[in-house]
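For reference, the chains in residue letters:
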Amino acid sequence: MKIVIRESADEASKIAADHIIERATPGMKLGVATGSSPLPLYKYLREARKAETFSLRGCTAWALDEYVGIAEDHPERYRNVLHRELVGDEATGLFDEDLHTPNGLAENPDAAAAEYDREIGAGVDIQILGVGQNGHIGFNEPLSSLSSRTHVDVLTDTTRQDNARFFENNMDLVPTQCITQGLGTIMSAKDIVVLAFGENKAEALHQLMEGGVSQRWPATILQHHSSVTVYADEAAVANLELLDYYRSTSG
Ligand code: F6R
């Protein structure tokens, strides 16, 4: 695992965007996260598209997760969020039909989850991840199987509280269930970019990098992946025990 530390989320996101731009290949499969962490990175990908140094035209994008039962036109439906951030010539050049998201409106969400997992196939080329303050990646909450595939899950109150900011600060409006790529599915990505910003991620990042691998902190499974780069700001690295060493070796 590598870590790149910068003063601000914006500076770290610029380098994370360069990571993706440098490794992009025609037709690649890009795994995309929602939430606030990837927003500056997406801004830099759009800028690169404008500068004609990057394009997702002809590539496919694969969401990590989707709320179950959220209205089709709800602005916080992850398909709609990712559409706004990535789709079209004004964004990254991604075609709408190349944006893949789990079908949270399916009559049978379990079957939709299994279908999504089949579509992902052997895994994406580059996966972008945020991390929850309870250590979730995707919506694999504590006690998720470390080898799970895409499945329906129940959101913890911590996560619903965290996400209430997207739902009029009212936790009761946050859906209770989601379809999420499993930890096994996420681990099938060839390369993984983790974004960790802000002091509320400090303990999760400490566990992700330095804790024992356990279901209690699902992100710790990333220690078993051979190509993970963490992009963090100063606030998020506050709890790292070997911080001086990481600074001396990081880019
Ligand atoms: C989003 C997702 C979540 C978020 C995590 C961090 O698709 O799967 O794991 O990445 O909850 O959220 P933010 O970035 O809003 O702090």
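Rules of the game
Residues numbered from 1 in each chain as written. Predicted model: local features only at pLDDT ≥ 70, side-chain atom pairs only at ≥ 80, totals over all residues. Heavy atoms only, no water. Core = buried A, V, L, I, M, F, W, Y, C linked by side-chain atoms within 4.5 Å. Buried < 20%, exposed > 50% of the residue type's maximum accessible area, 1.4 Å probe, protein only. Contact = heavy atoms within 4.5 Å. Pairing = 2+ DSSP bridges. Helix = DSSP H or I, 4+ residues; strand = E, 2+ residues; numbered from the N terminus. Near = heavy atom within 4 Å. Polar contact = N/O pair within 3.5 Å; in protein donor to acceptor, adjacent residues only side chain to side chain. Areas by Shrake-Rupley, 256 points an atom, 1.4 Å probe, with all protein chains shown as cover. Nonpolar A, V, L, I, M, F, W, Y, C, P; charged D, E, K, R; others polar. Axes fitted to C-alpha atoms, helices over the stretch in contact; angles between N-to-C directions. Salt bridge = Lys/Arg side-chain N within 4 Å of Asp/Glu carboxyl O. Phe/Tyr/Trp six-rings, centres within 6.5 Å; stacked < 30°, edge-to-face > 60°.

Moving on to the nonpolar core. Ranked by size, the top nonpolar core spans 63 residues in total, and within it Ile3, Ile20, Leu41, Ile137, Leu205, Leu208 and Leu222 carry the most contacts. When near neighbours in sequence (up to four residues on either side) are disregarded, Ile137 contacts Leu129, Gly130, Val131, Leu183, Ile186, Pro218, Ala219, Ile221 and Leu222. Within the second largest apolar cluster, 11 residues are counted, among which are Phe139, Leu155, Val174 and Cys178.

Taken together, the 3 bridges between strand E4 (residues 65-67) and strand E8 (residues 177-180) define a ladder with antiparallel strand orientation. Across the sheet, residue Tyr67 finds its bridge partner in E8, namely Cys178. Bridge count for strand E7 (residues 151-154) against E8 is 4 bridges, and the pairing is antiparallel. Note on E8: the bridge partner recorded for Asp153 is Cys178.

Moving on: the site of the ligand. Neighbouring the ligand are 14 residues, the closest being Ser37, Asp65, His136, Arg165 and Lys201. One of the side-chain nitrogen or oxygen atoms of Thr34 is found 2.7 Å away from an oxygen atom of the ligand. Between the ligand and Ser36 there is a distance of 2.8 Å, counted from an oxygen atom to a backbone nitrogen or oxygen. Its free accessible area being 400 Å², the ligand has 94% of it covered by the protein chains. Split by residue class, the shell around the ligand holds 3 nonpolar, 8 polar and 3 charged.

Taken in spatial order, the 3 strands make up an open sheet running E4-E8-E7, and their pairing is antiparallel. Whereas interior strands pair on both sides, the edge strands pair on one side only; in this sheet they are E4 and E7. With direction set aside, neighbouring strand axes in the sheet form an average angle of 30°. On the sheet, helix H4 (residues 109-120) packs against E7 and E8 and is oriented at approximately 125° with respect to E7.

A few words now on the environment of Ala219. Residue placement: Ala219 occurs in the loop between helix H7 (202-210) and strand E10 (228-233). For Ala219, a relative accessible area of 1% translates into the label buried. Sequence separation between Ala219 and Gly135 is 84 residues, and the spatial gap between their C-alpha atoms is 5.4 Å. Filtering out sequence-adjacent residues up to four positions away, Ala219 remains in contact with Val131, Gly135, Ile137 and Leu208.

Once that is clear, we can look at the pattern of salt bridges. Across all of its chains, the model carries 11 salt bridges by this definition. For the salt bridge of Asp18 with Lys14, the shortest nitrogen-to-oxygen distance reads 3.5 Å. Placement of the pair is Asp18 and Lys14 together in helix H1 (residues 9-23), with a separation of 4 residues, close to one helical turn. Classification of Asp18 by relative accessible area gives partly exposed; the value is 27%.

Our next topic: the environment of Arg57. Within the element layout of this structure, Arg57 appears in the loop between helix H2 (39-50) and strand E3 (60-63). Arg57 sits 142 residues away from Glu199 along the chain, and the two C-alpha atoms are 36 Å apart. Here Arg57 is in contact with Asp89, Thr92, Gly93, Leu94 and Phe95, once residues within four sequence places are set aside.

Attention now goes to the packing of H2 against helix H3 (residues 78-86). Contact geometry of H2 with H3 gives a least axis separation of 9 Å together with a crossing angle of 40°. Here H2 contributes Leu39, Tyr42 and Arg46 to the contact with H3, which in turn contributes Leu82, Glu85 and Leu86. Broken down by class, the residue content of the contact of H2 with H3 amounts to 4 nonpolar, no polar and 2 charged.

Moving on, we come to the packing of aromatic side chains. Counting across every chain of the model gives 6 aromatic pairs. Summarising the aromatic geometry, the rings of Trp62 and Tyr116 are spaced 5.9 Å apart at their centres and angled 50° between planes, so their arrangement reads as tilted. Here the residue Trp62 occupies a position in strand E3, and Tyr116 occupies one in helix H4, the gap between them amounting to 54 residues. For the pair shown, Trp62 and Tyr116 are each scored as buried. Their ring planes at 40° and their centres at 4.7 Å tell us that Tyr67 and Tyr78 sit as a pair that is tilted. Pair noted here: Tyr67 is in strand E4 and Tyr78 is in helix H3, with a separation of 11 residues, a long-range link. What makes Tyr78 buried here is its relative accessible area of 5%.

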